[in-house]
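Given next are the chains, with one letter for each unit.
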Amino acid sequence: MASNIGMMDSAYFVGRNEILTWINARLQLNLSRVEEAASGAVQCQLMDMTHPGVVPIHKVNFDAKTEYDMIQNYKVLQDVFTKLKIDKHVEVNRLVKGRPLDNLEFLQWLKRYCDSVNGGIMNENYNPVERRCKGGKERNIKGSQKISKSLQTNNSFSSGPGDGIGNNKISGIKQGKLAAVAGGVNSSVEIQALTKEITDLKLSVDLLEKERDFYFAKLRDIEILCQTPELENIPMAVAVKMILYAADEKESVLAEAQEIVSQSVDMREPEYSDEDH
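Residues numbered from 1 in each chain as written. Predicted model: local features only at pLDDT ≥ 70, side-chain atom pairs only at ≥ 80, totals over all residues. Heavy atoms only, no water.

Asks: Help me understand the packing of aromatic side chains, please; the structure alone is not making it clear to me.
Replies: Between two aromatic rings, the relevant description is the distance of the centres plus the angle of the planes. Counted by the stated rule, this structure contains 3 aromatic pairs. When the ring of Phe 81 is compared with that of Trp 109, the centres are 5.6 Å apart and the planes differ by 65 degrees; the resulting orientation is edge-to-face. In this pair, Phe 81 is assigned in helix H3 (residues 67-83) and Trp 109 in helix H5 (residues 100-116), connecting sequence segments 28 residues apart. As far as burial versus exposure is concerned, Phe 81 and Trp 109 are alike and both buried. (Phe/Tyr/Trp six-rings, centres within 6.5 Å; stacked < 30°, edge-to-face > 60°. Helix = DSSP H or I, 4+ residues; strand = E, 2+ residues; numbered from the N terminus. Buried < 20%, exposed > 50% of the residue type's maximum accessible area, 1.4 Å probe, protein only.)

And the structure:
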């Protein structure tokens, strides 16, 4: 299974757009950013889709906004992992912050896991919208359903005979329309500015993704080189793999790797000294 895939696995080369397309298609959503899945509800439902009957969907808060509510969703998810004996630690404190890279990496792992179950074939009988309706809170995941417009009453236009209120309200409506037209010009300028900003941000994200993929490819080449049978057991290769496979951002990893290399050098130095003498 994919529960123990390494950081250099091909799963982590799946792009943001592919991840979002995969989620939206299976759960009938309309997510546009990976951080919109930071609440943990999406992850819970993906596991519910992959392992029907295992996730207590009534405990999942699909409308979680606060970190407290999000953490409760991740507790449900971690309990599911434990029940299925999936050895995967969930970095809850990072995910609930909505940081794109952390959420992308977790969703990349989750996609790989779901694809490894039944060949990634989706349960045709699974109704994601219906399942969300059985959750613990009012459903409000983006794109899950359109919010109907509230009906406006006609009381504001009704008036008693001869009271003159109706004419005053009609006059007020006309004035409101004129103000709306004037405001519409400003709104149009703001929309254009925001649209340009969004376009620039998307270009920036695409460039960052290309740069990330470039360096991931370099690291993958290094990993393959260190796994070569003739090299994989030499101290330098062991030290490099220790850094590549480090699960946490610990300063001691580099120190330990340097120690391995230093020890190998110290062991060779006496030999060279004997030969020289």
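Asks: Is there a simple way to think about the nonpolar core in this case?
Replies: A general feature of soluble globular proteins is that nonpolar side chains tend to end up buried together. Judged by nonpolar contacts, the single largest core of 43 residues is most densely connected at Ile 23, Leu 46 and Met 47. In this view, Leu 46 contacts Trp 22, Ile 23, Leu 27, Leu 110 and Cys 114; residues no more than four positions away in its chain are not counted. (Core = buried A, V, L, I, M, F, W, Y, C linked by side-chain atoms within 4.5 Å. Contact = heavy atoms within 4.5 Å.)

Asks: Could you clarify how one ought to interpret the confidence of the model for the chain in this entry?
Replies: Detailed reading of predicted coordinates is not advised where the pLDDT is low. Residues at a pLDDT of 70 or more form 73% of the chain, whose mean pLDDT is 78. Every residue in residues 142-163 scores below 50 in pLDDT, and together they form 19 contacts with partners more than four places removed in sequence or on other chains. (pLDDT = per-residue confidence, 0-100.)

Asks: Looking at this structure, how should I read a nonpolar patch on the surface?
Replies: Residues Leu 225, Leu 231, Ile 234 and Met 236 make up a contiguous nonpolar surface patch of about 340 Å² in total accessible area. Its place among the elements puts Leu 231 in the loop between helix H7 (165-226) and helix H8 (235-244). Classification of Leu 231 as partly exposed rests on a relative accessible area of 32%. (Patch = residues over 30% accessible without salt bridge, like charges linked within 9 Å, V, L, I, M, F, W, Y side chains within 5 Å. Areas by Shrake-Rupley, 256 points an atom, 1.4 Å probe, with all protein chains shown as cover. Salt bridge = Lys/Arg side-chain N within 4 Å of Asp/Glu carboxyl O.)

Asks: Help me out: how do you make sense of unusual backbone geometry in this one?
Replies: Residue Gln 28 is not a glycine yet carries a positive backbone phi of 55 degrees. Here Gln 28 shows up in the loop between helix H1 (16-27) and helix H2 (41-50). In this structure Gln 28 comes out as partly exposed when scored by relative accessible area, which is 44%.

Asks: Where do I start with the environment of Ala 37 in this structure?
Replies: Among the secondary structure elements, Ala 37 is positioned in the loop between H1 and H2. Residues Ala 37 and Leu 20, 17 residues apart in the sequence, show an inter-C-alpha distance of 9.8 Å. Ala 37 has contacts with Leu 31, Val 42, Gln 43, Tyr 74, Asn 103 and Leu 107, leaving out every residue within four places of it along the chain.

Asks: I tried to follow the pattern of salt bridges on my own but got confused; where do I start?
Replies: Between side chains of opposite charge, pairing is possible as soon as their charged atoms come close. The tally for this structure, following the rule as stated, stands at 8 salt bridges. Between Arg 33 and Glu 36 there is a salt bridge, with the nearest N and O atoms lying 3.5 Å from each other. On the basis of relative accessibility, which here comes to 46%, the residue Arg 33 falls in the partly exposed class. Look at Glu 36 and you get partly exposed, because its relative accessible area is 22%.

Asks: Any chance you could explain the side chain of Gln 43 here in plain terms?
Replies: Topologically, Gln 43 is positioned in helix H2. For Gln 43, a relative accessible area of 0% gives the class buried. Excluding residues that lie within four positions of it along the chain, Gln 43 makes contacts with Ala 37, Tyr 74, Leu 77, Phe 106, Leu 107 and Leu 110.

Asks: What is the right way to read H1 from this model?
Replies: With 12 residues, H1 should cover 16 Å at 1.5 Å per step; its first-to-last C-alpha distance of 17 Å lies within 8% of that length. Where H1 is concerned, the buried positions are Arg 16, Ile 19, Leu 20, Trp 22, Ile 23, Asn 24 and Leu 27. In the segment just after H1, Gln 28 is the residue with positive phi, at about 55 degrees. (Expected span 1.5 Å × (residues − 1).)

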